[in-house]
Amino acid sequence: MDIPVFILAGLLVHCVFLVSIFDIYFSSPLVHGMTPQQTPLPPPAKRLVLFVADGLRADSLYELNSNGTPRAPYLRSILENNGSWGISHTRVPTESRPGHVALIAGFYEDVSAVAKGWKENPVEFDSVFNESKYTWSWGSPDILPMFAKGATGDHVYTFCYAAESEDFGAEDAAKLDIWVFDHVKSFFNSSRSNQTLFSALNEEKVVLFLHLLGIDTNGHAHRPNSREYQENIKQVDEGVKEIASLIDDFYGNDGKTAFILTSDHGMTDWGSHGAGHPSETLTPLIVWGAGVNYPQQVTSQFFEDNFLKEWKLENLKRIDVNQADVAPLMASLIGVPFPLNSVGTLPLEYLNSSAHFKAESMFTNAVQILEQFKVKMSQKKKTTLSFLFTPFKPLSDSEQINFLKKIRLYIQQQKYDEAVTLCKTLINLALEGLSYYHKYDRLFLGLSIAVGFVGWTTYVVLVIIKAHTNLTKTVPTNEKKSTVLFYSFASAGMIIAFFLLIQTCPWTYYVYCLLPVPVWYAVVREIPVIQDLATNVLSLHMGQSIGFLLVCILGIEILVFSFFYRSALTIGLLVFAGWPVITQLWIQAKTKALIWTLLCVLLAVFPLMPVVGREPNIPLVIAAGLLTLLISFFSLPSLCKSENKYRDNEDLKVYFYQMFSVALSTYVVSSTHNSLKNKQGLPVVNQIISWMTLVSSPVLLLLSSTFLFQRLFSILLSLMSTYLLFSTGYEALFPLALFGLMFAWINMEQEALQHYGLSLKPKLAVFNFTYAVDITQFRQLHLDDVRRSFFFVFFIVTAFFGTGNIASINSFDPASVYCFLTVFSPFMMGGLLLLKVAIPFVLVSCAFEAVQVTTQLSSKSLFLIVLVISDIMALHFFFLVQDYGSWLDIGTSISHYVLVMSLTIFMMVMNGLAQLLTTQRLGHPRRTKHHST
């Protein structure tokens, strides 16, 4: 298979492996075609007001100030005197979109929905707003349109501010909340002179939704422990008080309004969210007004988080709910049908109504969830062959009828407590059954992917052995045998396709199940090579072979371990520091070995540092910029030792431009930080310079000389000028330390080459990337090349974790992109953060390219070993993915798998990019004469 086809096949296979995780573990739970269910008794409230304070943590609202006063006096008095309170537990991903869907529609979106966009509905769903008579909503253009677009008819009205208002660098984001409160006030004032609006507002089943984004924006910009965040909570408290009093006055204190205040997600101490840390998943819930229980005094209550004492709320009953339980609570209060896809359980302890009403509401809840179970079961039955279908036994058709009859009988006999208990049992069984059918194909799909994975890795190993080593001799192919083989695999593929076809499976199933067929066909075709290899391996020294295998396994396990504990990388780097001593390399190159050891130790410090973004440290970024300039000046003399004076002058110009760019970036970072600190926003000049630097740095790099040292240094300067703009702390120093080690690595590999007598040592000083290396000079792979490839994978993983990232969504801090933009734009910010992650990768990839070229290896051979190592890591994480346990575990397991798969795909792309960055030169014809090495 030629290289482009192989790389394309590899990319395709890995993309399938990456996407499969979402199909197997996180596909959409939604089903359609259920009948709406409504409580038959009159509801306690005519209208409901929902306040969602975006990004508000439970502890930030409930805890007292240092002087013992409440942070939100009005809300504190409500939970002490008028209503019920508790904590609403959210789920991963803790982002605004899934949080609001859980609150208002009552179900948890699959993880992939976050990637499908904030504003649109990737899937149609029902919500409390849709079931209401009228809903009026005010707030962010990122959230409101989602519920209006999903609604049937024209009864959900939205009032949004401009998207540009969501500015992390603005004077004060609390103005977003003030905008909402002001618009609600003017709305009610104008309704007095608008008869149509006035009568609509006086209807029953009305919802008013106030989405308050200020707290979230202030948390991102200033951190949740900041004065701004806490001031914003106070302003929201005052706003809620005004709106509650305004609404009571408007309706003549009729006592028919229910109020709910909650949040969509919390926030970490360093101002990000997305993962499953308790600071992100614990949100406040305060409910008061019509139909809601008054505060209940208790002598003792126990919760694992031990917050009650800290908040001085030990004696007031705390009622915790899951986030999706808020939707049935709202539906029950105003008497609308429960949202069709809701999986929430009605929290009865919040209701202050008759036992009959509670029992009927609970029965409605149970039937509504059971409806989903029935639809899910019939869907699965349709797409599975009858003899293969195994139903969910605890809820067979007869069991369902039994349950419903019993509950109805209990309600008629006024045994309401028994009815409620039975309803809860039925809800739990229906949810279990929903989960059972949702995961029905998981084992089968998981096995298909695992078989494909193992097949692909085996195939790559065979390609390495066959094409790049002397372990096997060329075996003549048997035409007859290969034809039989082809037809047998083709027929196996057709049988699988036929089975999937008669079960009307989705098209992705075809991809997952048929992928192993061509992969294993390619492996089985090489059986003679495998036999030949087995004979050769058995003739080798067994002890050495087993030892080598154990070292390989240990190396890969350290890499896997580093995803859980970054400090594992420190241990690895310290082992690397001793590599010259272990292999006796230090005897022939003492200075180089010493530099290598020192740089390994220096780099080993970075994985021990705290996660980036938690504490910004701009002086360190400025120091990194100045250090880069200092190194550049010291490197000038070596750059001037070039034969071609004319080109040299051109090169010097480019070099000075790059230095100027680094200086400019250092200034922009410092100036932007000061401007944001003084709440003056992002200066336009700085923004223009940042974007221009981003665009111009790769161009400047391609104008530089292609001599090894000059080009690599030019890559460093170009990447540094961009990286500084993304830096908020010590990570700005990381590329410098990494580059130093990479340069030492290239030199050490030369020594290793000579040490093993593999080839003569080329002069690195005059080595030029542009000269095509003579193809006849490529050597075969040696065992030492496995170590080279392992070094590369290790450095790539270090490039990710060493910069203070953790394998979690919440480790990415929006403050990193403030030099480019401060207005909330999830995909633009995500793209820039990915670029920040990629920069150290590019450095490592370019160094690896230099190692390959200078050690006379074709780039394909070493890269294939890299592919095998990363695939074995990915297989580890594939089996470690889970969708149970704490949300922190689930989020981490997905992050790990996605990360390691992305790294593999990334390395394929990086391989090509590194070749481009090292060999191409703009405005300079490429010479292809062979260079003597």
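Residues numbered from 1 in each chain as written. Predicted model: local features only at pLDDT ≥ 70, side-chain atom pairs only at ≥ 80, totals over all residues. Heavy atoms only, no water.

In terms of regular secondary structure, the chain is built from 36 helices and eight strands. Here the chain holds 933 residues, and the buried ones make up 57% of them. Long-range contacts, defined as pairs at least 24 residues apart, comprise 80% of the intrachain contacts of the chain with a sequence gap of at least 6. (Helix = DSSP H or I, 4+ residues; strand = E, 2+ residues; numbered from the N terminus. Buried < 20%, exposed > 50% of the residue type's maximum accessible area, 1.4 Å probe, protein only. Contact = heavy atoms within 4.5 Å.)

The next subject is the nonpolar core. One finds Trp596, Trp745 and Phe795 to be the most contacted residues of the largest nonpolar core, which totals 144 residues. A per-element tally of this core places helix H34 (residues 826–854) first, with 15 residues. In this structure, Phe403, Val420, Leu426 and Leu429 belong to the second largest nonpolar core, which totals 69 residues. (Core = buried A, V, L, I, M, F, W, Y, C linked by side-chain atoms within 4.5 Å.)

Take the pattern of salt bridges next. Pairing is possible between side chains of opposite charge, provided their charged atoms come close. In this structure the tally under the stated criterion is 20 salt bridges. The shortest N-O distance in the salt bridge between Asp305 and Arg318 comes to 2.7 Å. Within this pair, whereas Asp305 is found in the loop between strand S7 (282–289) and helix H13 (307–311), its partner Arg318 is found in the loop between H13 and strand S8 (321–322), the two being separated by 13 residues in sequence. A relative accessible area of 4% places Arg318 in the buried class. In this structure, the salt-bridge partner of Asp320 is Arg318, at a minimum N-O distance of 2.8 Å. With relative accessibility at 25%, the residue Asp320 sits in the partly exposed group. Connected via shared salt-bridge partners are Glu749, Asp785, Arg787 and Arg788. (Salt bridge = Lys/Arg side-chain N within 4 Å of Asp/Glu carboxyl O.)

Here we take up the packing of helix H24 (residues 567–577) against helix H27 (residues 590–605). Following both chains from N to C, one finds H24 and H27 inclined at 175°, their axes separated by 8 Å at the closest point. When the axis of H24 is compared with that of H27, the two are roughly antiparallel. Residues Thr570, Leu573, Leu574, Phe576 and Ala577 of H24 form the contact with H27, whose own contacting residues are Trp596, Thr597, Cys600, Val601, Leu603 and Ala604. Of the residues in the contact of H24 with H27, the class split is nine nonpolar, two polar and no charged. (Axes fitted to C-alpha atoms, helices over the stretch in contact; angles between N-to-C directions. Parallel < 35°, antiparallel > 145°, perpendicular 65-115°, else oblique. Nonpolar A, V, L, I, M, F, W, Y, C, P; charged D, E, K, R; others polar.)

Next up on the list: the sheet that holds strand S5 (residues 206–212). Strand order across the open sheet formed by eight strands is S4-S3-S5-S1-S6-S7-S2-S8, with mixed pairing between neighbours. Each having just a single partner strand, strand S4 (156–160) and S8 make up the two edges of the open sheet. In the packing of helix H8 (residues 175–191) onto the sheet, contacts are made with strand S3 (134–139), S4 and S5, and the angle to S5 comes to roughly 155°. (Pairing = 2+ DSSP bridges.)

A few words now on the pairing of strand S2 (residues 84–89). The side chains of a regular strand alternate, residue by residue, between the two faces of the sheet. In terms of residue burial, S2 counts as a mostly covered element, since five of its six residues are buried. By the bridge criterion, six bridges tie S2 to S7 in an arrangement that is antiparallel. Bridge pairing in S7 links His89 to Leu282. One ladder, built from two bridges, connects S2 with S8; its direction is parallel. For Ser88, the partnering residue across the bridge sits in S8 and is Val321.

Let's shift gears to the environment of Gly729. Structurally, Gly729 is set in the loop between helix H31 (708–726) and helix H32 (734–755). Note: C-alpha distance between Gly729 and Val621 (108 residues apart in sequence) is 5.8 Å. Ignoring any residue separated from it by four or fewer positions in sequence, one finds Gly729 in contact with Asn617, Leu620 and Val621.

Our next topic: H8. Compared with an ideal rise of 1.5 Å per residue, which puts 17 residues at 24 Å, H8 spans 24 Å between its outermost C-alpha atoms and is within 8% of the ideal. By the burial criterion, the buried members of H8 are Leu176, Asp177, Val180, Phe181, Val184, Phe187, Phe188 and Ser191. Looking down the long axis of H8, one finds its buried residues gathered within 140° of arc, a one-sided arrangement. Against the buried residues of H8 lie S3, S4, helix H9 (195–201), S5, helix H10 (214–222) and helix H11 (227–250). (Expected span 1.5 Å × (residues − 1). Arc of directions from axis to C-beta.)

Below, the discussion takes up the packing of helix H30 (residues 684–703) against H31. Where H30 contacts H31, the axes come no closer than 9 Å and their chain directions differ by 175°. As summarised for this structure, H30 and H31 are arranged roughly antiparallel, according to the angle between their axes. Counted together, Ser690, Thr693, Leu694, Ser697, Leu700, Leu701 and Leu702 of H30 and Arg711, Ser714, Ile715, Ser718, Ser721, Thr722 and Leu725 of H31 form the full contact between these two elements. Residue composition of the contact of H30 with H31, grouped by class: six nonpolar, seven polar and one charged.

To continue, consider the packing of aromatic side chains. Per the stated rule, a full pass over the model turns up 65 aromatic pairs. Above the ring of Tyr251, the side-chain terminus of Arg47 is found at 3.5 Å from the ring centroid. Positioned above the aromatic ring of Phe791 is the side chain of Arg787, whose terminal nitrogen or guanidinium carbon lies 4.8 Å from the ring centre. (Phe/Tyr/Trp six-rings, centres within 6.5 Å; stacked < 30°, edge-to-face > 60°. Lys NZ or Arg CZ within 6 Å of the ring centre and 35° of its normal.)

Okay, the side chain of Gln503 next. Among the structural elements, Gln503 can be located in the loop between helix H19 (479–502) and helix H20 (507–514). For Gln503, the side chain forms a polar contact with the main-chain nitrogen of Leu385, separated by 3.4 Å. Setting aside its immediate chain neighbours within four residues, Gln503 contacts Thr383, Thr384, Leu385 and Leu388. (Polar contact = N/O pair within 3.5 Å; in protein donor to acceptor, adjacent residues only side chain to side chain.)

What follows covers the environment of Asn218. Here Asn218 lies in helix H10. What Asn218 contacts, discounting residues up to four positions off in sequence, is Asp172, Ala173, Ala174, Arg223, Glu228, Tyr229 and Asn232.

Side chains of Phe387, Leu388, Ile495, Phe498, Phe499 and Ile502 sit close together on the surface and give an oily, nonpolar patch of about 630 Å² of accessible area. Its place among the elements puts Ile495 in helix H19. (Patch = residues over 30% accessible without salt bridge, like charges linked within 9 Å, V, L, I, M, F, W, Y side chains within 5 Å. Areas by Shrake-Rupley, 256 points an atom, 1.4 Å probe, with all protein chains shown as cover.)

A few words on the confidence of the model for the chain. When the pLDDT values of the chain are averaged, the result is 85; 88% of them are 70 or greater. Strand S6 (residues 257–262) holds the highest mean pLDDT among the elements of the chain, 98, whereas helix H5 (residues 112–115) holds the lowest, 52. Per-residue pLDDT stays below 50 along residues 925–933; that stretch engages in 15 contacts with residues further than four places along the chain or on separate chains. (pLDDT = per-residue confidence, 0-100.)

Let us now look at unusual backbone geometry. Of note, Asn253 is a non-glycine position whose phi angle comes to about 45°, a positive value. Here the phi dihedral of Lys312 falls at roughly 55°; this positive angle occurs in a residue that is not glycine. Among the secondary structure elements, Lys312 is positioned in the loop between H13 and S8.

So, about the state of the cysteines. Scanning the entire structure with this criterion turns up zero disulfides. Residue Cys513 stays outside any disulfide, its sulfur separated by 7.4 Å from that of Cys505, the closest cysteine. Judged by relative accessible area, which is 7%, Cys513 ranks as buried. (Disulfide = S-S within 2.5 Å.)

The next subject is the pairing of S5. Across the seven residues that make up S5, a large majority, seven, are buried. Neither face of S5 is exposed, since Val206, Leu208, Leu210 and Leu212 on one face and Val207, Phe209 and His211 on the opposite face are all buried. Bridge analysis of strand S1 (residues 47–53) against S5 gives seven bridges, and the strand direction is parallel. Opposite Val52, over in S5, you have His211 as the bridge partner. Relative to S5, S3 runs parallel, the two being bridged by five bridges. Bridge pairing in S5 links Ser137 to Phe209.

Here we take up the environment of Leu340. Its place among the elements puts Leu340 in the loop between helix H14 (326–334) and helix H15 (355–382). Each C-alpha atom of the pair Leu340 and Asp126 lies 5.8 Å from the other, and the pair is 214 residues apart in sequence. Ignoring sequence-local partners within four residues, the contact set of Leu340 consists of Met34, Thr35, Pro36, Asp126, Gln368 and Gln372.

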